[in-house]
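Structural description and commentary
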Amino acid sequence: MGITYFEDNKVFKLDTNRSTYIIHILGDEKFVSHVYYGHKLDSHKLNYLMLMGQEPVASKPMDRDRLGFMSNFPKEYPTAGLGDFKEDALSIRRKNGTFAVGLNYKSHNIYKGKKALKGLPHAFGTEENVTTLELICEDAPTGLEITLNYSVFEDTDIIVRSTTIKNAGNESLYLTRALSAAMDFDNDNYDILTLYGDWAKEAQISRCPLTYGKHGVESVNGKSGVTYQPFIAVLQHNADQDKGEVYGMHFIYSGNFLANVSMVHYEKVRMVMGISPYNFNWLLEPGEEFQTPEAVLVHSEEGIGGMTRSLHDFYRDHVIRSKYVHKKRPVLINNWEATYFDFNSDKLVSIAEEAAKSGIEMLVMDDGWFGIRNDDSRGLGDWFVNEDKLPGGLKPLVDRVNALGMKFGIWFEPEMICPVSELYEQHPDWAIALPDRKPACSRSQYVLDLTREEVADAVYKMVYDVLKSANIEYVKWDMNRQLCDIGSATLPPERMGEFHHRYMLAVYRMQERLLTDFPDLLLENCSSGGARFDPGMLFYGPQIWASDDSDAIERLSIQEGLGMLYPLSSIGAHVSDCPNHNTGRTTPFETRGIVAMAGTFGYELDITRIPEADRAQIPGQVKRYHEVNHIVRDGDYYRLAQYSENNRWDAYMSVTKDKKEALVTYVRVINRVCEKPVRVKLKGLDPAKTYTVEGEDRTYTGEELMYGGIVFDTPYGMGDFKAKMLHIKEK
Ligand code: DGJ
């Protein structure tokens, strides 16, 4: 059982395979306090860590110094206005204008399994691998019932937290801040780890020492990225890929978020994760309930790599629902970088014909097939086929592609509307805008007000009709701008502060509908590349387009950052043509193939026009993908070296769970003379097993490969932008 209640100490002990989390119900007023999170323990008697009565850290909840106590005792879910001046998890606005709210334990439930969250993406599991604790708390003056939910996924060292807030009183009030999780602990020479980015430069890793003050990342643009990932971790200053303690929080949500860590006197640290309070003002009428999204808590004693592997297993087994999660995805060819908007059926079929000869399995038709969309200045919202480009509609095209033995996929951007479109002519008020201000266009588009059911229904119906019109097996769901000018023509003023969250709920509802109506669909989410790459979207589609930057070298740091959190099988990666459209760089076709193989793998080029020498490599690359994808898709991922740190070379590997096979990738970015040979020590193998290494006659023991390593490069070695991928097998 992953969760036990010890009546003697009023303690809840939550255990995963390798970590323990302890909550204590404190004193007569039953405050919910945080005692411990870390290495797995047998003991539950750790209340002494709270240093009760030992000034100045925490004194007793006595009347003379109640404030000292309220301010200092470590909390599970800090609330506003009652003397804790650090970051709150919950704050309200009552009719009388006050904002204070409290939290006192009332009762609890512990059960095997986990409930689904209605309308929100969420983690799932079975009665065998998840246990849930519901800590039901109350705030008597307001009548709020606040349930802290904890689900323990023992097999992956993950604890998932969320909060359910019910107005069980008789006064309507607003939630002005309702985060998903908070955690108090003492500093231990910690650093902070976050991910930042931009268009074509997603998921860059940032690490800096934790100092006094508030540090964190936030999104207020209506989606999770691209400025930051909805993730934060603290880790010991000496922690690296293999050792040291790491505490991470990740968010199963795709809209505005707040993730921060603050440190105050006595090096008290608080970490929080939840929906950003920016324009968050949720009216909770008597009887109504608000459910926060889920925060994922991970603890690792094996450094960043340990955290990565826990998260990968967790997302693959407990968040990504798609039946394709553990399956090989079809190798696709996408026409975006091949043609942009300039294509027709014949052009697409010519690409498909050539692709089929090379073993490519699916053609994806990107932006530009509908309405008057001949460039990015018009047409979004008009989800009907442009018959000038695709004569006779979609079916004849899809039939021709299918006749080549290939699947067919299509691009949509259902959340958007262009001011130059039929849809806008008919429904100008469907775009998000403020009545008395000029709205900001971005890429010539506005965002549709999907919080209005009639808008979401009408758009969904158009998408549905297109998908029903032919044999379409894959959808790329794009979303190419941020949300601003926030206002809905139909939300009442008292609910306008609900807009951002309601928008996300509407997007989730549409994707749920899509998957219910088309259960076999392979859905790839996208947002100008990876601007909405988050665990929430993974609940709907098993893969997300990582970046519009397909340059193999730029991709190293993008895929390193994403791979730190997300399974490689979820990272959309394609081979594109050179000079690269973003960087102008030319890299060998082989390197592009090897780098894309650490993701979903596909092509994004005009196969009819690339150099013959490149085209000739495609059948071999596709064959290779089929041989090794199971290792990348379901294996354990280890970082061996980071080009983002050493500026010269990159290396990583995946190992099957049974340790019988591994795939090692080495990319030499910049060559330098007179450097020592690059010896890469492998990880995660069985030291006692004997392995063959691709291209070598001799065998090695796992021990030799892990401690002796492989020499990949010598001083006058491979040259710039070169890559090697080695398949290692047990003999
Ligand atoms: C942004 C995506 O990231 C690209 O792959 C492509 O689909 C374009 N949008 C199309 O407009």
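Just so you know, the residues in each chain are numbered from 1, in the order the chain's sequence is written. Confidence filtering applies because this is a predicted model: local features only for residues at pLDDT of at least 70, side-chain atom pairs given and counted only at 80 or more, and all residues used for totals across whole chains, interfaces and linings. Side-chain metrics in this entry use all non-hydrogen atoms of the structure; hydrogen atoms and water are not considered.

A closer look at the overall build of the protein
Counting from the N terminus, the helices are the DSSP runs of H or I reaching at least four residues and the strands are the DSSP runs of E reaching at least two. A count of helical and extended segments in the protein gives 15 helices and 39 strands. Scaling as 2.2 N^0.38, a compact globule of 731 residues should have a C-alpha radius of gyration of about 27 Å, and the protein matches this with 27 Å. Dimensions of the protein, computed from C-alpha atoms along their principal axes, come out at roughly 85 × 70 × 45 Å. Each residue gets one of three labels from its accessible area relative to the maximum for its type: buried under 20%, exposed over 50%, partly exposed in between, using a 1.4 Å probe on protein chains only. The proportion of buried residues among the 731 residues of the protein is 63%. Here a residue-residue contact requires only that any non-hydrogen atoms of the pair lie within 4.5 Å. Put simply, of all contacts in the protein between residues at least 6 apart along the chain, 69% involve residues at least 24 apart. Computed with the Shrake-Rupley method and a 1.4 Å probe, the accessible areas treat only the protein chains shown as cover for residues. Summing over all exposed atoms, the protein offers an accessible surface of approximately 26,500 Å²; the carbon and sulfur share of this is 50%. Put simply, the radius of gyration uses C-alpha atoms, and a globule should come to 2.2 Å times the residue count raised to 0.38.

Thoughts on the site of the ligand
Taken together, 13 residues are adjacent to the ligand, and Asp366, Asp367, Lys476, Asp478 and Asp548 come closest. As used in this structure description, the phrase polar contact means that two N or O atoms lie within 3.5 Å; if the pair is within protein, one of them must be able to donate a hydrogen and the other to accept it, and residues adjacent in sequence are counted only when both atoms belong to side chains. Between a nitrogen atom of the ligand and a side-chain N or O atom of Asn480, the distance comes to 3.4 Å. One nitrogen or oxygen atom from the side chain of Asp548 is found 2.5 Å from an oxygen atom belonging to the ligand. Protein coverage of the free-state accessible area of the ligand, which is 290 Å², stands at 98%. Charged residues are taken to be Asp, Glu, Lys and Arg, nonpolar residues to be Ala, Val, Leu, Ile, Met, Phe, Trp, Tyr, Cys and Pro, and polar residues to be all remaining types, Gly included. Residues that form the shell around the ligand fall into these classes: four nonpolar, three polar and six charged. Here a residue is considered near a molecule or strand provided that any single heavy atom belonging to it is located within 4 Å of it.

Things to note about the sheet that holds strand S32 (residues 636–641)
Strand pairs in the sheet, formed through backbone hydrogen bonds, run parallel or antiparallel to each other. When DSSP locates at least two bridges between a pair of strands, those strands are taken to pair. If you trace the six strands from one edge of the open sheet to the other, you get S32-S33-S34-S39-S36-S37, paired in antiparallel fashion. Where the open sheet ends on each side, the last strands, each with one partner, are S32 and strand S37 (699–701). Along the sheet, successive strands turn relative to each other by an average axial angle of 25°, direction set aside. In this sheet, strand S34 (residues 661–668) lies alongside strand S33 (residues 649–655) in antiparallel orientation, the contact comprising seven bridges. Residue pairing for S34: Val655 is matched across the bridge by Ala662. All axes here are fitted lines through C-alpha atoms, helices being fitted over the stretch that makes contact, and every angle between N-to-C directions spans 0 to 180 degrees. With respect to the sheet, helix H11 (residues 589–596) is in contact with S33, S34 and strand S39 (722–730), its orientation differing from that of S39 by roughly 50°.

Remarks on the sheet that holds strand S27 (residues 522–525)
Across the sheet, which stays open at both edges, the nine strands sit in the order S29-S28-S27-S26-S23-S22-S21-S31-S30 with parallel pairing between neighbours. The open sheet has two edge strands, strand S29 (571–572) and strand S30 (575–576), and neither has a second partner. Sheet analysis places strand S26 (residues 474–477) next to S27, joined by four bridges and oriented parallel. Bridge pairing in S27 places Lys476 opposite Glu524.

Remarks on the pattern of salt bridges
Here, a salt bridge means any Lys or Arg side-chain nitrogen found within 4 Å of an Asp or Glu carboxyl oxygen. Within the structure shown, the criterion is met by 58 salt bridges. Of the charged contacts, one joins Asp15 and Lys13 as a salt bridge, the two residues approaching to 2.9 Å between their closest N and O atoms. Judged by its relative accessible area of 9%, Asp15 is buried. Under the relative-accessibility criterion, Lys13 is labelled buried at 5%. Its salt-bridge partner being Arg321, residue Glu512 comes within 3.2 Å of it at the nearest N-O pair. One end of the pair, Glu512, is in helix H8 (residues 499–517); the other, Arg321, is in the loop between helix H2 (303–318) and strand S21 (332–334), with 191 residues separating them in the sequence. Classification of Glu512 as partly exposed rests on a relative accessible area of 31%. For Arg321, a relative accessible area of 31% gives the class partly exposed. One continuous salt-bridge network, built from bridges that share partners, spans Lys75, Asp84, Lys86, Asp184 and Arg270.

A closer look at the domain arrangement of the protein
Per the domain assignment, the segments making up the protein are domain 1 (79–318), domain 2 (332–417 + 452–480 + 519–633) and domain 3 (641–730). For domain 2 versus domain 3, the distance between C-alpha centres works out to 31 Å. At the junction of the two partners, domain 2 supplies 21 residues and domain 3 supplies 22 residues. Buried area is calculated as the accessible area (1.4 Å probe) missing from two parts once they are joined, with the contributions of both summed. Of the roughly 1,700 Å² buried at the junction of domain 2 and domain 3 (both faces included), carbon and sulfur atoms supply 69%. On the surface where domain 2 and domain 3 come into contact, there are one salt bridge. Ionic pairing is found between Arg624 and Glu694, a salt bridge with its closest N-O pair at 2.9 Å. Taken together, the links from domain 2 to domain 3 amount to six residue pairs in polar contact (both at pLDDT 80 or more). The element contributing the most residues to the side of domain 2 that touches domain 3 is helix H13 (residues 618–634), with six residues. Boundaries between domains were set according to an automatic or database domain assignment.

Some remarks on the pairing of strand S15 (residues 246–252)
Along a regular strand, successive side chains alternate from one face of the sheet to the other. Across the seven residues of S15, seven count as buried, placing the element largely inside the fold. Of the two faces of S15, the one carrying Val246, Gly248, His250 and Ile252 and the one carrying Tyr247, Met249 and Phe251 are both buried. Bridging between strand S14 (residues 231–236) and S15 involves five bridges; their strand directions are antiparallel. Bridging across to S15, Ala233 finds its partner in Gly248. As judged from the seven bridges shared by S15 and strand S20 (residues 294–300), these two strands associate in the antiparallel manner. Looking at S20, one finds that Met249 is bridged to Leu297.

Regarding the nonpolar core
Of all hydrophobic cores here, the largest spans 196 residues; its most connected members are Leu135, Leu175, Trp369, Leu394, Ile410 and Tyr603. Considering every element that reaches this core, the biggest residue donor is H8, with ten residues. Setting aside residues up to four positions removed in sequence, Ile410 forms contacts with Val364, Met365, Trp369, Leu394, Val466, Leu467, Ile472, Tyr474, Val475 and Lys476. Each nonpolar core is a collection of buried residues, namely Ala, Val, Leu, Ile, Met, Phe, Trp, Tyr and Cys, held together in the definition by side-chain atoms within 4.5 Å. Among the nonpolar cores identified, the runner-up in size contains 24 residues, and Ala651, Val678, Val680 and Leu705 belong to it.

Here we look at helix H5 (residues 394–403)
Within the span of H5, buried status applies to Leu394, Leu397, Val398 and Val401. Projected onto a plane normal to the axis of H5, the buried residues spread over an arc of 95° and lie on a single side. Buried-residue contacts for H5 involve helix H4 (345–357), strand S22 (362–365), strand S23 (407–412) and helix H7 (453–468). Looking one or two residues past H5, Gly405 carries a phi angle of roughly 85°, positive in sign. Picture the helix axis, draw a direction to every C-beta atom, and the arc is the one those directions span.

As for the packing of aromatic side chains
For any two aromatic rings, the description comes down to two numbers: the centre-to-centre distance and the angle of the planes. Aromatic rings from Phe, Tyr and Trp, taking only the six-membered ring of Trp, are treated as a pair when their centres fall within 6.5 Å; an angle between ring planes under 30 degrees marks them as stacked, one over 60 as edge-to-face, and anything in between as tilted. Scanning the model with the defined rule gives 40 aromatic pairs in all. Look at Trp336 and Tyr340: their rings are 4.9 Å apart centre to centre, the planes differ by 80°, and that puts the pair in the edge-to-face class. A connected cluster of aromatic rings, assembled from ring pairs, spans Tyr21, Tyr37, Tyr150, Phe185, Tyr190 and Tyr247. Above the face of the Phe73 ring, Lys75 is positioned so that its terminal group lies 4.3 Å from the ring centre. Here, over-ring charges are defined by two tests on the NZ atom of lysine or the CZ atom of arginine: distance to the ring centre within 6 Å, and angle to the ring normal within 35 degrees. Sitting above the plane of the Phe539 ring, Arg321 keeps its charged end 3.7 Å from the centroid.

Observations concerning the layout of surface pockets
With a probe scaled to a water molecule rolled over the atoms, the places where space remains empty come into view. Here the largest pocket defines a volume of roughly 500 Å³. Forming the walls of the largest pocket are 24 residues, and the residues nearest its centre are Val35, Leu49, Asp184, Phe185 and Asp186. When contributions to the lining of the largest pocket are tallied by element, the ones reaching two or more residues are strand S4 (31–39), strand S10 (173–186) and strand S17 (268–275). Here the lining of the largest pocket is built from residues that sort into 15 nonpolar, two polar and seven charged. The method works on a 1 Å grid over the protein atoms by themselves. A cavity is a set of points holding a 1.4 Å probe that cannot get out, a pocket is an open set with protein on both sides within 12 Å along at least five of seven lines, and residues with an atom within 4 Å of a point line them. Grid points are joined across faces, edges and corners, and a volume is the space filled by probe spheres set on the points.

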